[in-house]
Amino acid sequence: MGQTLTGLLTSVRAIAGRPGTPPRARPGGGPDPELLAALRHCGDHLADLAASGPLTDARRTRLIASIGALTTACSTPGADAFDALLRTGQQALDSGGDAGARLALALADEATVLRARSKGAWRLRGNALDALGRSEEAITAYERHLALQQNAAASRDVERRIATLRAAGDRIDEALALVGGGNGGGGGADRTGAVRLSRHLPAADALAAFTELVRLRTAERGAADPAVRRLAALYAEHRRLSDRDPMADPLLGGAEPIGVPGLRRFLAGRTVCLVADTPHTAEQEQRPGSSLAALIGGYDLVVRCDAVRHAAPTARTDLHAVTLRGDSPWKGPRWDRLATARLVFGDPLPHWRLALRSRLVPGAQDRVGDATLRRPLHDPALLAEAAADADEPASTAFTVLRLLDFLGTPARVDLIGFEGPAALPPREREWIGARAGRTDDTAVRITLR
(Lines give C-alpha, C1' and ligand atoms only; values in the text may rest on other atoms or scores of the structure.)
Protein backbone atom coordinates (compact mmCIF):
# COMPACT_ATOMS: atom_id res chain seq x y z
CA MET A 1 0.00 0.00 0.00
CA GLY A 2 2.91 2.36 0.77
CA GLN A 3 4.32 2.12 -2.78
CA THR A 4 0.84 2.46 -4.29
CA LEU A 5 0.17 5.54 -2.19
CA THR A 6 3.53 7.06 -3.14
CA GLY A 7 2.96 6.32 -6.81
CA LEU A 8 -0.51 7.88 -6.73
CA LEU A 9 0.84 10.98 -5.00
CA THR A 10 3.51 11.28 -7.72
CA SER A 11 0.83 11.04 -10.43
CA VAL A 12 -1.33 13.66 -8.73
CA ARG A 13 1.59 16.08 -8.39
CA ALA A 14 2.58 15.52 -12.02
CA ILE A 15 -0.90 16.53 -13.22
CA ALA A 16 -1.85 19.23 -10.73
CA GLY A 17 1.46 20.57 -9.43
CA ARG A 18 2.64 20.99 -5.87
CA PRO A 19 1.03 23.14 -3.15
CA GLY A 20 1.52 26.86 -3.70
CA THR A 21 2.55 26.51 -7.34
CA PRO A 22 0.35 27.08 -10.41
CA PRO A 23 -0.42 23.95 -12.43
CA ARG A 24 1.70 23.30 -15.47
CA ALA A 25 0.28 24.20 -18.86
CA ARG A 26 -0.44 21.02 -20.81
CA PRO A 27 -0.24 20.77 -24.58
CA GLY A 28 -3.66 20.62 -26.15
CA GLY A 29 -5.40 21.85 -23.04
CA GLY A 30 -6.24 19.80 -20.00
CA PRO A 31 -8.56 19.52 -17.03
CA ASP A 32 -10.51 22.51 -15.80
CA PRO A 33 -8.67 24.67 -13.25
CA GLU A 34 -11.19 23.59 -10.60
CA LEU A 35 -10.35 19.93 -11.20
CA LEU A 36 -6.64 20.68 -10.94
CA ALA A 37 -7.26 22.55 -7.69
CA ALA A 38 -9.26 19.56 -6.41
CA LEU A 39 -6.37 17.25 -7.30
CA ARG A 40 -3.97 19.47 -5.39
CA HIS A 41 -6.21 19.17 -2.32
CA CYS A 42 -6.19 15.40 -2.80
CA GLY A 43 -2.40 15.46 -3.11
CA ASP A 44 -2.08 17.34 0.18
CA HIS A 45 -4.33 14.77 1.85
CA LEU A 46 -2.36 11.86 0.37
CA ALA A 47 0.87 13.39 1.65
CA ASP A 48 -0.60 13.58 5.15
CA LEU A 49 -1.74 9.96 4.92
CA ALA A 50 1.71 8.84 3.75
CA ALA A 51 3.30 10.61 6.71
CA SER A 52 0.92 9.01 9.19
CA GLY A 53 2.31 5.49 8.66
CA PRO A 54 0.80 2.21 7.40
CA LEU A 55 -2.86 2.32 6.41
CA THR A 56 -5.13 -0.27 8.01
CA ASP A 57 -8.46 1.58 7.76
CA ALA A 58 -10.67 0.26 4.96
CA ARG A 59 -12.44 3.62 4.64
CA ARG A 60 -9.16 5.40 3.90
CA THR A 61 -8.24 2.66 1.44
CA ARG A 62 -11.49 3.31 -0.43
CA LEU A 63 -10.75 7.04 -0.44
CA ILE A 64 -7.31 6.41 -1.96
CA ALA A 65 -8.89 4.26 -4.66
CA SER A 66 -11.40 7.03 -5.38
CA ILE A 67 -8.61 9.60 -5.68
CA GLY A 68 -6.92 7.23 -8.13
CA ALA A 69 -10.10 7.10 -10.24
CA LEU A 70 -10.33 10.92 -10.18
CA THR A 71 -6.68 11.18 -11.23
CA THR A 72 -7.29 8.82 -14.13
CA ALA A 73 -10.35 10.76 -15.25
CA CYS A 74 -8.43 14.05 -15.13
CA SER A 75 -5.60 12.62 -17.24
CA THR A 76 -7.88 11.05 -19.87
CA PRO A 77 -8.71 13.41 -22.78
CA GLY A 78 -12.44 13.92 -23.20
CA ALA A 79 -13.35 12.20 -19.94
CA ASP A 80 -15.95 13.79 -17.68
CA ALA A 81 -14.33 13.83 -14.26
CA PHE A 82 -17.16 15.63 -12.43
CA ASP A 83 -18.86 12.46 -11.14
CA ALA A 84 -15.49 11.12 -10.01
CA LEU A 85 -14.95 14.40 -8.15
CA LEU A 86 -18.24 14.05 -6.26
CA ARG A 87 -17.54 10.38 -5.46
CA THR A 88 -14.14 11.31 -4.07
CA GLY A 89 -15.71 14.01 -1.93
CA GLN A 90 -18.23 11.52 -0.55
CA GLN A 91 -15.48 8.98 0.17
CA ALA A 92 -13.51 11.69 1.97
CA LEU A 93 -16.55 12.41 4.12
CA ASP A 94 -17.11 8.70 4.78
CA SER A 95 -13.48 8.27 5.85
CA GLY A 96 -14.32 10.17 9.04
CA GLY A 97 -12.55 12.79 11.09
CA ASP A 98 -12.05 16.49 10.55
CA ALA A 99 -9.35 15.92 7.92
CA GLY A 100 -11.74 13.90 5.77
CA ALA A 101 -14.51 16.47 6.20
CA ARG A 102 -12.15 19.32 5.29
CA LEU A 103 -11.10 17.51 2.11
CA ALA A 104 -14.75 16.85 1.25
CA LEU A 105 -15.52 20.55 1.73
CA ALA A 106 -12.59 21.62 -0.44
CA LEU A 107 -13.71 19.28 -3.23
CA ALA A 108 -17.33 20.43 -2.88
CA ASP A 109 -16.23 24.05 -3.18
CA GLU A 110 -14.45 23.28 -6.45
CA ALA A 111 -17.46 21.30 -7.67
CA THR A 112 -19.91 24.15 -7.01
CA VAL A 113 -17.67 26.52 -8.96
CA LEU A 114 -17.37 24.02 -11.80
CA ARG A 115 -21.13 23.40 -11.93
CA ALA A 116 -23.07 25.91 -9.89
CA ARG A 117 -26.39 24.13 -10.53
CA SER A 118 -25.29 20.67 -9.41
CA LYS A 119 -27.58 19.56 -6.60
CA GLY A 120 -25.11 16.80 -5.73
CA ALA A 121 -22.30 19.30 -5.28
CA TRP A 122 -24.37 21.50 -2.97
CA ARG A 123 -25.51 18.55 -0.91
CA LEU A 124 -21.92 17.38 -0.55
CA ARG A 125 -20.97 20.87 0.60
CA GLY A 126 -23.81 20.89 3.12
CA ASN A 127 -22.85 17.46 4.46
CA ALA A 128 -19.19 18.48 4.81
CA LEU A 129 -20.05 21.72 6.62
CA ASP A 130 -22.48 19.78 8.83
CA ALA A 131 -19.75 17.26 9.71
CA LEU A 132 -17.44 20.14 10.65
CA GLY A 133 -20.11 21.60 12.93
CA ARG A 134 -20.64 24.74 10.82
CA SER A 135 -24.41 24.54 11.08
CA GLU A 136 -25.51 27.90 9.68
CA GLU A 137 -23.32 27.51 6.59
CA ALA A 138 -24.60 23.95 6.19
CA ILE A 139 -28.19 25.21 6.19
CA THR A 140 -27.36 27.64 3.37
CA ALA A 141 -25.81 24.86 1.28
CA TYR A 142 -28.70 22.49 2.01
CA GLU A 143 -31.20 25.16 0.95
CA ARG A 144 -29.33 25.64 -2.31
CA HIS A 145 -29.56 21.87 -2.87
CA LEU A 146 -33.32 21.94 -2.20
CA ALA A 147 -33.80 24.79 -4.67
CA LEU A 148 -32.24 22.61 -7.38
CA GLN A 149 -33.84 19.31 -6.35
CA GLN A 150 -36.95 18.43 -8.35
CA ASN A 151 -37.72 15.17 -6.51
CA ALA A 152 -39.53 16.11 -3.29
CA ALA A 153 -39.26 12.59 -1.84
CA ALA A 154 -35.49 12.58 -2.26
CA SER A 155 -35.16 15.82 -0.31
CA ARG A 156 -37.10 14.93 2.83
CA ASP A 157 -34.05 13.91 4.81
CA VAL A 158 -32.37 17.22 3.90
CA GLU A 159 -35.49 19.12 5.01
CA ARG A 160 -35.46 17.25 8.31
CA ARG A 161 -31.78 18.04 8.81
CA ILE A 162 -32.36 21.75 8.16
CA ALA A 163 -35.22 21.71 10.69
CA THR A 164 -32.96 20.01 13.25
CA LEU A 165 -30.09 22.48 12.80
CA ARG A 166 -32.45 25.44 13.03
CA ALA A 167 -34.14 24.05 16.13
CA ALA A 168 -30.74 23.60 17.82
CA GLY A 169 -29.87 27.20 16.97
CA ASP A 170 -33.24 28.39 18.29
CA ARG A 171 -32.47 26.76 21.67
CA ILE A 172 -29.27 28.81 21.81
CA ASP A 173 -31.13 32.01 20.93
CA GLU A 174 -33.70 31.37 23.66
CA ALA A 175 -30.93 30.65 26.17
CA LEU A 176 -29.23 33.93 25.30
CA ALA A 177 -32.49 35.83 25.70
CA LEU A 178 -33.07 34.09 29.03
CA VAL A 179 -29.72 35.18 30.48
CA GLY A 180 -29.81 38.61 28.81
CA GLY A 181 -26.77 37.78 26.75
CA GLY A 182 -27.66 39.47 23.48
CA ASN A 183 -29.90 38.89 20.52
CA GLY A 184 -28.47 35.50 19.57
CA GLY A 185 -26.99 36.75 16.36
CA GLY A 186 -23.49 37.74 17.36
CA GLY A 187 -22.96 35.94 20.61
CA GLY A 188 -23.47 36.92 24.19
CA ALA A 189 -21.78 36.68 27.56
CA ASP A 190 -23.04 36.16 31.06
CA ARG A 191 -22.15 38.61 33.78
CA THR A 192 -18.84 36.90 34.50
CA GLY A 193 -17.72 37.45 30.92
CA ALA A 194 -16.55 33.79 30.89
CA VAL A 195 -18.98 32.53 28.28
CA ARG A 196 -19.72 33.66 24.76
CA LEU A 197 -22.43 31.60 23.10
CA SER A 198 -23.81 31.93 19.58
CA ARG A 199 -25.63 29.77 17.09
CA HIS A 200 -22.91 30.73 14.62
CA LEU A 201 -20.19 28.96 16.60
CA PRO A 202 -18.94 25.57 15.40
CA ALA A 203 -21.01 22.83 17.03
CA ALA A 204 -18.29 21.65 19.42
CA ASP A 205 -17.54 25.22 20.56
CA ALA A 206 -21.24 26.00 20.98
CA LEU A 207 -21.73 22.88 23.09
CA ALA A 208 -18.75 23.76 25.31
CA ALA A 209 -19.98 27.34 25.71
CA PHE A 210 -23.53 26.19 26.46
CA THR A 211 -22.24 23.70 29.05
CA GLU A 212 -20.19 26.37 30.78
CA LEU A 213 -23.10 28.81 30.76
CA VAL A 214 -25.35 26.26 32.50
CA ARG A 215 -22.62 25.47 35.02
CA LEU A 216 -22.04 29.11 35.90
CA ARG A 217 -25.73 29.99 36.16
CA THR A 218 -26.41 26.93 38.33
CA ALA A 219 -23.53 27.84 40.65
CA GLU A 220 -24.72 31.44 40.83
CA ARG A 221 -28.45 30.95 41.36
CA GLY A 222 -28.95 27.31 42.32
CA ALA A 223 -30.66 24.49 40.45
CA ALA A 224 -34.09 25.37 41.90
CA ASP A 225 -34.19 28.78 40.24
CA PRO A 226 -36.92 28.74 37.51
CA ALA A 227 -34.66 30.46 34.97
CA VAL A 228 -31.88 27.97 35.64
CA ARG A 229 -34.30 25.07 35.25
CA ARG A 230 -35.46 26.45 31.91
CA LEU A 231 -31.84 26.98 30.84
CA ALA A 232 -31.02 23.37 31.74
CA ALA A 233 -34.04 22.18 29.73
CA LEU A 234 -32.88 24.20 26.71
CA TYR A 235 -29.40 22.72 27.09
CA ALA A 236 -30.83 19.18 27.19
CA GLU A 237 -32.89 19.88 24.07
CA HIS A 238 -29.85 21.30 22.31
CA ARG A 239 -27.84 18.18 23.19
CA ARG A 240 -30.63 15.92 21.90
CA LEU A 241 -30.94 17.84 18.65
CA SER A 242 -27.17 17.75 18.19
CA ASP A 243 -27.25 13.95 18.23
CA ARG A 244 -30.37 13.09 16.26
CA ASP A 245 -33.12 14.47 14.11
CA PRO A 246 -36.38 15.32 15.89
CA MET A 247 -38.60 13.13 13.72
CA ALA A 248 -38.93 9.42 14.35
CA ASP A 249 -37.38 7.26 11.66
CA PRO A 250 -40.21 5.41 9.86
CA LEU A 251 -37.83 2.50 9.30
CA LEU A 252 -37.92 1.75 13.04
CA GLY A 253 -41.18 -0.04 12.34
CA GLY A 254 -43.22 1.78 14.96
CA ALA A 255 -40.70 1.26 17.77
CA GLU A 256 -40.55 4.05 20.33
CA PRO A 257 -37.17 5.78 20.70
CA ILE A 258 -36.13 6.07 24.35
CA GLY A 259 -33.37 8.17 25.87
CA VAL A 260 -31.75 8.21 29.28
CA PRO A 261 -34.90 9.32 31.19
CA GLY A 262 -37.02 6.70 29.43
CA LEU A 263 -34.53 3.91 30.14
CA ARG A 264 -34.29 4.98 33.78
CA ARG A 265 -38.07 4.67 34.08
CA PHE A 266 -38.03 1.32 32.26
CA LEU A 267 -35.57 -0.10 34.82
CA ALA A 268 -36.91 1.59 37.96
CA GLY A 269 -37.52 -0.80 40.86
CA ARG A 270 -37.01 -3.93 38.76
CA THR A 271 -34.74 -6.91 39.24
CA VAL A 272 -32.42 -7.42 36.27
CA CYS A 273 -30.23 -10.33 35.17
CA LEU A 274 -27.63 -10.41 32.38
CA VAL A 275 -27.52 -13.93 30.97
CA ALA A 276 -24.35 -15.20 29.28
CA ASP A 277 -24.89 -16.91 25.95
CA THR A 278 -23.22 -20.31 26.51
CA PRO A 279 -24.30 -23.82 25.47
CA HIS A 280 -24.59 -24.90 29.10
CA THR A 281 -26.72 -21.93 30.15
CA ALA A 282 -28.94 -22.30 27.08
CA GLU A 283 -29.42 -26.04 27.68
CA GLN A 284 -30.30 -25.52 31.35
CA GLU A 285 -32.61 -22.64 30.53
CA GLN A 286 -34.60 -24.78 28.10
CA ARG A 287 -34.83 -27.83 30.38
CA PRO A 288 -38.27 -27.96 32.04
CA GLY A 289 -38.07 -27.71 35.79
CA SER A 290 -34.37 -26.81 35.92
CA SER A 291 -33.22 -24.59 38.77
CA LEU A 292 -31.50 -22.20 36.35
CA ALA A 293 -34.66 -21.75 34.29
CA ALA A 294 -36.58 -20.98 37.48
CA LEU A 295 -33.87 -18.57 38.58
CA ILE A 296 -33.94 -16.61 35.31
CA GLY A 297 -37.71 -16.67 35.18
CA GLY A 298 -37.88 -14.96 38.56
CA TYR A 299 -36.35 -11.71 37.33
CA ASP A 300 -38.37 -8.76 36.10
CA LEU A 301 -36.00 -8.11 33.17
CA VAL A 302 -33.73 -10.51 31.27
CA VAL A 303 -30.85 -8.95 29.33
CA ARG A 304 -28.96 -10.66 26.49
CA CYS A 305 -26.08 -9.24 24.48
CA ASP A 306 -24.86 -9.21 20.87
CA ALA A 307 -25.55 -12.19 18.58
CA VAL A 308 -27.40 -14.76 20.70
CA ARG A 309 -26.26 -18.05 19.17
CA HIS A 310 -27.12 -20.65 21.83
CA ALA A 311 -30.31 -19.54 23.57
CA ALA A 312 -33.51 -20.60 21.87
CA PRO A 313 -35.14 -18.02 19.58
CA THR A 314 -38.12 -18.03 21.93
CA ALA A 315 -35.99 -17.50 25.05
CA ARG A 316 -37.27 -14.50 26.93
CA THR A 317 -35.40 -11.27 26.16
CA ASP A 318 -36.61 -8.06 27.73
CA LEU A 319 -33.55 -5.99 26.83
CA HIS A 320 -31.17 -6.81 23.98
CA ALA A 321 -27.91 -4.84 23.76
CA VAL A 322 -25.46 -4.93 20.87
CA THR A 323 -22.19 -3.16 20.11
CA LEU A 324 -21.34 -2.15 16.54
CA ARG A 325 -17.90 -3.33 15.47
CA GLY A 326 -15.88 -3.26 12.26
CA ASP A 327 -15.62 -0.76 9.42
CA SER A 328 -19.10 -1.46 8.03
CA PRO A 329 -21.31 -2.32 11.03
CA TRP A 330 -24.48 -1.70 9.04
CA LYS A 331 -23.80 -4.84 6.97
CA GLY A 332 -24.21 -7.39 9.78
CA PRO A 333 -27.12 -9.79 10.39
CA ARG A 334 -30.44 -8.16 11.18
CA TRP A 335 -31.58 -8.01 14.81
CA ASP A 336 -34.66 -10.20 14.63
CA ARG A 337 -34.73 -11.55 18.20
CA LEU A 338 -37.90 -10.36 19.88
CA ALA A 339 -37.15 -7.91 22.68
CA THR A 340 -39.08 -5.31 24.62
CA ALA A 341 -36.21 -2.84 24.23
CA ARG A 342 -33.02 -2.81 22.17
CA LEU A 343 -29.90 -0.75 22.85
CA VAL A 344 -27.31 -0.26 20.10
CA PHE A 345 -23.89 1.02 21.14
CA GLY A 346 -21.66 2.51 18.47
CA ASP A 347 -19.66 5.39 17.05
CA PRO A 348 -19.45 7.47 14.87
CA LEU A 349 -22.99 8.77 14.72
CA PRO A 350 -23.53 8.33 10.92
CA HIS A 351 -22.53 4.65 11.16
CA TRP A 352 -24.84 4.16 14.14
CA ARG A 353 -27.76 5.70 12.27
CA LEU A 354 -27.13 3.60 9.16
CA ALA A 355 -26.83 0.41 11.22
CA LEU A 356 -30.21 1.04 12.85
CA ARG A 357 -31.85 1.62 9.50
CA SER A 358 -30.21 -1.44 7.95
CA ARG A 359 -30.39 -4.01 10.76
CA LEU A 360 -33.48 -3.28 12.87
CA VAL A 361 -36.44 -5.52 12.03
CA PRO A 362 -39.86 -3.82 12.20
CA GLY A 363 -41.92 -5.33 14.99
CA ALA A 364 -38.98 -7.09 16.67
CA GLN A 365 -38.78 -4.48 19.46
CA ASP A 366 -41.11 -2.05 21.19
CA ARG A 367 -38.42 0.47 22.14
CA VAL A 368 -35.04 1.46 20.69
CA GLY A 369 -32.37 3.41 22.53
CA ASP A 370 -31.80 6.79 20.91
CA ALA A 371 -28.48 8.51 20.17
CA THR A 372 -28.09 9.71 23.76
CA LEU A 373 -27.51 6.06 24.74
CA ARG A 374 -25.19 5.03 21.92
CA ARG A 375 -21.89 5.60 23.78
CA PRO A 376 -22.61 5.59 27.52
CA LEU A 377 -19.03 4.96 28.65
CA HIS A 378 -17.61 8.01 26.86
CA ASP A 379 -20.55 10.42 26.61
CA PRO A 380 -19.82 13.53 28.73
CA ALA A 381 -23.47 13.49 29.86
CA LEU A 382 -23.13 9.94 31.20
CA LEU A 383 -19.95 8.17 32.40
CA ALA A 384 -17.56 10.51 30.52
CA GLU A 385 -14.60 8.13 30.52
CA ALA A 386 -11.65 8.49 28.18
CA ALA A 387 -11.84 6.18 25.16
CA ALA A 388 -10.36 2.77 25.95
CA ASP A 389 -7.54 1.12 24.05
CA ALA A 390 -8.84 0.20 20.58
CA ASP A 391 -7.20 -3.22 20.98
CA GLU A 392 -9.37 -3.99 24.03
CA PRO A 393 -12.77 -2.32 23.63
CA ALA A 394 -15.35 -2.83 26.36
CA SER A 395 -17.59 -5.86 26.02
CA THR A 396 -21.28 -5.24 25.50
CA ALA A 397 -22.14 -6.89 28.83
CA PHE A 398 -19.72 -4.59 30.65
CA THR A 399 -21.14 -1.52 28.89
CA VAL A 400 -24.64 -2.55 29.98
CA LEU A 401 -23.49 -3.14 33.56
CA ARG A 402 -21.81 0.26 33.76
CA LEU A 403 -24.90 1.94 32.33
CA LEU A 404 -27.26 0.20 34.78
CA ASP A 405 -24.95 1.03 37.67
CA PHE A 406 -24.80 4.68 36.58
CA LEU A 407 -28.59 4.99 36.20
CA GLY A 408 -29.04 3.48 39.65
CA THR A 409 -32.75 2.67 39.34
CA PRO A 410 -32.86 -1.17 39.13
CA ALA A 411 -33.64 -2.87 42.44
CA ARG A 412 -31.07 -5.60 41.71
CA VAL A 413 -28.58 -6.45 38.96
CA ASP A 414 -27.16 -9.99 38.63
CA LEU A 415 -24.88 -11.72 36.16
CA ILE A 416 -25.71 -15.31 35.31
CA GLY A 417 -23.30 -17.74 33.64
CA PHE A 418 -20.35 -15.35 33.15
CA GLU A 419 -17.76 -17.98 34.09
CA GLY A 420 -15.37 -20.17 32.11
CA PRO A 421 -15.58 -19.45 28.35
CA ALA A 422 -18.05 -16.63 29.01
CA ALA A 423 -15.81 -14.88 31.56
CA LEU A 424 -15.30 -11.19 30.97
CA PRO A 425 -11.79 -9.71 30.42
CA PRO A 426 -9.61 -9.21 33.54
CA ARG A 427 -10.09 -5.45 33.63
CA GLU A 428 -13.87 -5.85 33.60
CA ARG A 429 -13.83 -8.70 36.14
CA GLU A 430 -11.81 -6.49 38.45
CA TRP A 431 -14.43 -3.73 38.27
CA ILE A 432 -17.23 -6.24 38.96
CA GLY A 433 -15.32 -7.87 41.81
CA ALA A 434 -14.88 -4.53 43.55
CA ARG A 435 -18.64 -3.96 43.50
CA ALA A 436 -20.13 -7.45 43.71
CA GLY A 437 -22.47 -7.95 46.61
CA ARG A 438 -21.93 -11.71 46.61
CA THR A 439 -21.36 -14.78 44.45
CA ASP A 440 -23.56 -17.81 45.08
CA ASP A 441 -22.20 -21.23 45.93
CA THR A 442 -22.42 -22.57 42.38
CA ALA A 443 -20.65 -19.51 40.86
CA VAL A 444 -23.63 -19.19 38.55
CA ARG A 445 -24.81 -15.83 39.81
CA ILE A 446 -22.91 -12.67 40.71
CA THR A 447 -24.95 -10.01 42.46
CA LEU A 448 -23.79 -6.51 41.55
CA ARG A 449 -26.29 -4.58 43.66
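As the structure is a computational prediction, the values presented were derived from the model and not from experiment.

### A short note on the overall build of the protein chain
Reasoning step 1: Secondary structure summary: the protein chain contains 16 helices and 11 strands in total.
Reasoning step 2: Across the 449 residues in the protein chain, those meeting the buried criterion constitute 47%.
Reasoning step 3: Long-range pairs, those at least 24 residues apart, make up 62% of the contacts in the protein chain with a sequence separation of at least 6.
Reasoning step 4: With an accessible surface of roughly 21,400 Å², the protein chain has 52% of that area assigned to carbon and sulfur atoms.

### Section: the pattern of salt bridges
Reasoning step 1: Counted according to the given criterion, the structure contains 21 salt bridges.
Reasoning step 2: With its nearest N and O atoms 2.1 Å apart, the salt bridge here joins R166 to E143. Residue R166 is located in helix 8 (residues 156-179), and its partner E143 is located in helix 7 (residues 135-148); the two are separated by 23 residues in the primary sequence.
Reasoning step 3: Judged by its relative accessible area of 34%, E143 falls in the partly exposed class.
Reasoning step 4: Put simply, R316 and D318 hold a salt bridge, and the shortest N to O gap is 2.8 Å.
Reasoning step 5: Judged by relative accessible area, R316 falls into the partly exposed class, the value being 32%.
Reasoning step 6: Put simply, E136, D170, D173 and R199 are held in one network by salt bridges that share partners.

### Describing the layout of surface pockets
Unoccupied space between atoms shows up once a probe the size of one water molecule is rolled over them.
Reasoning step 1: In this model, the second largest pocket occupies a volume close to 730 Å³.
Reasoning step 2: Along the walls of the second largest pocket sit 34 residues, with C305, D306, A307, V308 and R309 positioned nearest its centre.
Reasoning step 3: If you list the elements that add at least two residues to the lining of the second largest pocket, you get strand 6 (319-323) and helix 15 (396-407).
Reasoning step 4: Per-element tally for the lining of the second largest pocket: the top contributor is strand 6, with three residues.
Reasoning step 5: Split by residue class, the lining of the second largest pocket holds 19 nonpolar, six polar and nine charged.

### What to know about the packing of aromatic side chains
Reasoning step 1: On inspection of all chains with the given rule, the structure shows two aromatic pairs.
Reasoning step 2: Seen from their ring centres, F398 and W431 are 5.5 Å apart, and the 90° between their planes marks the pair as edge-to-face. Placement of F398 in helix 15 and of W431 in helix 16 (residues 426-435) is noted, with a sequence separation of 33 residues between them.
Reasoning step 3: Taking relative accessible area as the criterion, W431 reaches 10% and is therefore assigned buried.
Reasoning step 4: Of note, R115 hangs over the ring of F82, and the distance from its end group to the ring centre comes to 4.2 Å.
Reasoning step 5: Seen from the ring of F266, R270 lies directly overhead, with NZ or CZ sitting 5.3 Å from the centre.

### Notes on the nonpolar core
Reasoning step 1: The biggest cluster of nonpolar side chains holds 47 residues, and the ones touching the most others in it are L39, L46, I67, L70 and L85.
Reasoning step 2: Listed by contribution, the elements that provide at least two residues to this core are helix 1 (2-16), helix 2 (33-51), helix 3 (58-75), helix 4 (82-94), helix 5 (97-114), helix 6 (119-131), helix 7 and helix 8.
Reasoning step 3: Every residue in contact with L85, bar those within four places of it in the chain, is listed here: L35, A38, L70, L107 and A111.
Reasoning step 4: Counting residues in hydrophobic clusters, the runner-up holds 34 residues, among them V272, L382, L407 and L415.

### Quick look at empty space enclosed by the protein
Reasoning step 1: The tally for this structure, following the rule as stated, stands at one cavity of 30 Å³ or more.
Reasoning step 2: Of the volumes computed, that of the largest cavity is approximately 30 Å³.
Reasoning step 3: As for the largest cavity, its lining consists of L178, V179, R217, R221, A227, V228 and L231.
Reasoning step 4: Residue assignment for the lining of the largest cavity shows that the elements contributing at least two residues are helix 8, helix 9 (203-221) and helix 10 (226-243).
Reasoning step 5: The element best represented in the lining of the largest cavity is helix 10, accounting for three residues.
Reasoning step 6: Its residues assigned to classes, the lining of the largest cavity shows five nonpolar, no polar and two charged.

### Some thoughts on helix 3
Reasoning step 1: When the terminal C-alpha atoms of helix 3 are compared, their 26 Å separation across 18 residues agrees well with the 26 Å that a helix rising 1.5 Å per residue should span.
Reasoning step 2: Turning to helix 3, its buried residues are R59, L63, I64, S66, I67, G68, L70, T71, A73 and C74.

### Some thoughts on the confidence of the model for the protein chain
Reasoning step 1: The share of residues in the protein chain with pLDDT of 70 or more is 85%, and the mean pLDDT across the chain is 83.
Reasoning step 2: Averaged pLDDT values for the elements of the protein chain fall to 44 in strand 1 (residues 188-189) and rise to 96 in strand 6.

### Quick look at the side chain of D318
Reasoning step 1: Here D318 is to be found in the loop between strand 5 (301-305) and strand 6.
Reasoning step 2: Among the residues examined, D318 registers a relative accessible area of 12% and is labelled buried.
Reasoning step 3: Looking at D318, its side chain comes within polar contact range of the side chain of R316, at 2.8 Å.
Reasoning step 4: The residues contacting D318, other than those within four sequence positions of it, are F266, D300, L301, V302, A339, T340 and A341.

### A closer look at the pairing of strand 8 (residues 365-369)
Reasoning step 1: Pairing between strand 3 (residues 256-258) and strand 8: three bridges, direction parallel. Across the sheet, the residue bridging to I258 is G369, located in strand 8.
Reasoning step 2: Relative to strand 8, strand 7 (residues 339-345) runs parallel, the two sharing three bridges. The partner of A341 across the bridge, within strand 8, is R367.
Reasoning step 3: Each parallel crossover has a hand, and the one from strand 7 via helix 14 (residues 349-359) to strand 8 is right-handed.

### Structural notes on the environment of R221
Reasoning step 1: Along the chain, R221 falls in helix 9.
Reasoning step 2: The class for R221 is partly exposed, based on a relative accessible area of 42%.

Rules used throughout
- Residues numbered from 1 in each chain as written.
- Predicted model: local features only at pLDDT ≥ 70, side-chain atom pairs only at ≥ 80, totals over all residues.
- Heavy atoms only, no water.
- Helix = DSSP H or I, 4+ residues; strand = E, 2+ residues; numbered from the N terminus.
- Buried < 20%, exposed > 50% of the residue type's maximum accessible area, 1.4 Å probe, protein only.
- Contact = heavy atoms within 4.5 Å.
- Areas by Shrake-Rupley, 256 points an atom, 1.4 Å probe, with all protein chains shown as cover.
- Salt bridge = Lys/Arg side-chain N within 4 Å of Asp/Glu carboxyl O.
- 1 Å grid on protein atoms, 1.4 Å probe; cavity = no way out; pocket = protein on both sides within 12 Å on 5 of 7 lines; lining within 4 Å.
- Points joined across faces, edges and corners; volume = space filled by probe spheres on them.
- Nonpolar A, V, L, I, M, F, W, Y, C, P; charged D, E, K, R; others polar.
- Phe/Tyr/Trp six-rings, centres within 6.5 Å; stacked < 30°, edge-to-face > 60°.
- Lys NZ or Arg CZ within 6 Å of the ring centre and 35° of its normal.
- Core = buried A, V, L, I, M, F, W, Y, C linked by side-chain atoms within 4.5 Å.
- Expected span 1.5 Å × (residues − 1).
- pLDDT = per-residue confidence, 0-100.
- Polar contact = N/O pair within 3.5 Å; in protein donor to acceptor, adjacent residues only side chain to side chain.
- Pairing = 2+ DSSP bridges.
- Right-handed = clockwise from strand over helix to strand, strands pointing away.

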